[in-house]
Amino acid sequence: MKRALISDIHANLESLEAVLDDIRRQGVSEIYCLGDIVGYGPNPVECVDLVRRHCKVSIMGNHDQGALFDPEGFNAVAEQAIFWTREQLERPCGSSALMGERWDFLGELPTRWEENGQLYVHGSPRNPLSEYVFPDDIYNPRKMEKLFALVPQCCFQGHTHVPGVFTESAEFFSPEDIDYEFPLGQQKLMVNVGSVGQPRDGDPRACYVILEDDRLRFRRVEYPVEKTIQKIYAIPELDNSLGDRLRGGQ
Ligand code: ZN
């Protein structure tokens, strides 16, 4: 079994297409998406269609929920992007039946998925939709204990856009720390799979994880970043900073 875990696509079509190509070349049998298909980026409709077509399991992210319902807790730049995203999804791109299917798909996304000791969420095991688990949280033992108490064997998550592995003994390993590979099965783990469409760990390449029986691997994939940036610049409702940050993976 080889399963790809993708998250935080954020309507970045170029990065999603590059990742799907890479996934195909890795002989992966199924793809799970951990949320935030939309928000920030210029191609929400196309990204929703690709995820619907290719992903076996999809989880609701806070930006997906924001596009569906009234956005809460977002800064002004993110909120404006969410309203623009909603307008795009309300256009009958393709056909009005297709538009309805997109809304139904987003509206029916679960906030968690569990199978075989593996939990899949967008944020955290405690608050699947919106709690952040940052690398620095290893210095907050109370938080980590509470979170790990809710982890069956492994929890896979996104939301921070910072990839890496958290162990129950309060360690955090970035993909570089572990040479992009980590063994599974010996201990409880929380794994942040990183972001396809807006990495924030200083590496602008798209990030995702391949899960195998005994290990996981982080993949970094180059994509035409400048093309996405120019699309963002051309849409007044998407702040230019949303393009600029892609260049350095910030
Ligand atoms: Zn996100």
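Details of the structure are given in the entry above.
Draft legend 1. Representation of helix H7 (residues 225-233). Taken residue by residue, H7 has Val225, Thr228, Ile229 and Ile232 as its buried positions. Summarising the axial view, the buried residues of H7 lie within an arc of 100°, below the 170-degree limit, and thus occupy one face. Where H7 is buried, its residues meet helix H1 (13-25) and helix H8 (240-248).

Draft legend 2. Looking closely at the coordination of the zinc ion. The protein atoms that coordinate the zinc ion are Asp8 (OD), His10 (NE2), Asp36 (OD) and His161 (NE2), at distances of 2.0 to 2.3 Å. Its 4 donor atoms give the zinc ion angles of 84 to 178° at the centre, a pattern that matches the irregular case. For the zinc ion, the single-chain donor residues occur in sequence as D-x1-H-x25-D-x124-H. Highlighted residues: Asp36 in the loop between strand E2 (30-33) and helix H2 (44-54) and His161 in the loop between strand E6 (154-157) and strand E7 (164-167), separated in sequence by 125 residues.

Draft legend 3. Structural view of the pairing of strand E12 (residues 215-221). By the criterion of burial, E12 is predominantly enclosed, with 5 of the 7 residues buried. One ladder, built from 3 bridges, connects strand E9 (residues 181-183) with E12; its direction is antiparallel. Its bridge partner lying in E12, Glu181 is registered against Arg217. Relative to E12, strand E11 (residues 206-211) is paired through 6 bridges, and the arrangement is antiparallel. Paired with Val209 across the two strands is Phe218, which belongs to E12. Here E11 hands over to E12 after 3 residues, the two strands then running antiparallel side by side.

Draft legend 4. Geometry of the sheet that holds strand E10 (residues 189-192). The 6 strands lie next to each other as E4-E5-E6-E10-E7-E8, forming an open sheet whose pairing is mixed. Two strands lie at the open edges of the sheet, namely strand E4 (112-115) and strand E8 (172-173), each paired on one side alone. The pairing of E7 with E10 spans 4 bridges and is antiparallel. Bridging across to E10, Phe166 finds its partner in Met190.

Draft legend 5. Spotlight on the pattern of salt bridges. Within the structure shown, the criterion is met by 21 salt bridges. A salt bridge links Asp22 to Arg219; its shortest N-O distance comes to 2.9 Å. With Asp22 in helix H1 and Arg219 in strand E12, this pair connects stretches of sequence that are 197 residues apart. Judged by relative accessible area, Asp22 falls into the buried class, the value being 5%. With its nearest N and O atoms 3.6 Å apart, the salt bridge here joins Arg247 to Asp244. Of this pair, Arg247 and Asp244 are both found in helix H8, 3 residues apart, which corresponds to roughly one turn of the helix. Classification of Arg247 by relative accessible area gives partly exposed; the value is 40%. Salt bridges here are not isolated pairs; linked through shared partners, they connect Arg3, Glu30, Lys56 and Glu115.

Draft legend 6. Highlighting the environment of Arg86. In this structure, Arg86 sits in helix H4 (residues 76-89). When the C-alpha positions of Arg86 and Glu30 are compared, they lie 28 Å apart, and in sequence the two are 56 residues distant. Residues within four places of Arg86 in sequence aside, it is in contact with Gly66, Ala67, Leu68, Phe69, Asp70, Pro71 and Trp103. For Arg86, the side chain forms a polar contact with the main-chain oxygen of Gly66, separated by 3.2 Å.

Draft legend 7. Region of the structure containing the state of the cysteines. Counted by the stated rule, this structure contains 0 disulfides. Free cysteine Cys47: the closest other cysteine sulfur is in Cys33, separated by 9.7 Å. Cys154 takes part in no disulfide bond, and the closest cysteine sulfur, belonging to Cys155, lies 8.7 Å away. For Cys154, a relative accessible area of 3% puts it in the buried group.

Draft legend 8. Examining the nonpolar core more closely. In this structure, Ile6, Leu16, Ile23 and Ile37 are the most contacted members of the largest nonpolar core, which totals 49 residues. With 6 residues, the top contributor of residues to this core is H1. Apart from the residues within four sequence positions on either side, Ile6 is in contact with Leu16, Val19, Ile23, Ile31, Tyr32, Cys33, Leu34, Cys55, Val193, Val196 and Tyr208. In terms of nonpolar packing, the next biggest core, distinct from the first, is built from 20 residues, Leu5, Tyr32, Cys154 and Cys207 among them.

Rules and cut-offs
- Residues numbered from 1 in each chain as written.
- Predicted model: local features only at pLDDT ≥ 70, side-chain atom pairs only at ≥ 80, totals over all residues.
- Heavy atoms only, no water.
- Buried < 20%, exposed > 50% of the residue type's maximum accessible area, 1.4 Å probe, protein only.
- Helix = DSSP H or I, 4+ residues; strand = E, 2+ residues; numbered from the N terminus.
- Arc of directions from axis to C-beta.
- Contact = heavy atoms within 4.5 Å.
- Donors = N, O, S within 2.8 Å, 3.2 Å for Na, K, Ca; no water.
- Tetrahedral: all angles 85-135°; square planar, octahedral: opposite > 155°, others 65-115°.
- Pairing = 2+ DSSP bridges.
- Salt bridge = Lys/Arg side-chain N within 4 Å of Asp/Glu carboxyl O.
- Polar contact = N/O pair within 3.5 Å; in protein donor to acceptor, adjacent residues only side chain to side chain.
- Disulfide = S-S within 2.5 Å.
- Core = buried A, V, L, I, M, F, W, Y, C linked by side-chain atoms within 4.5 Å.

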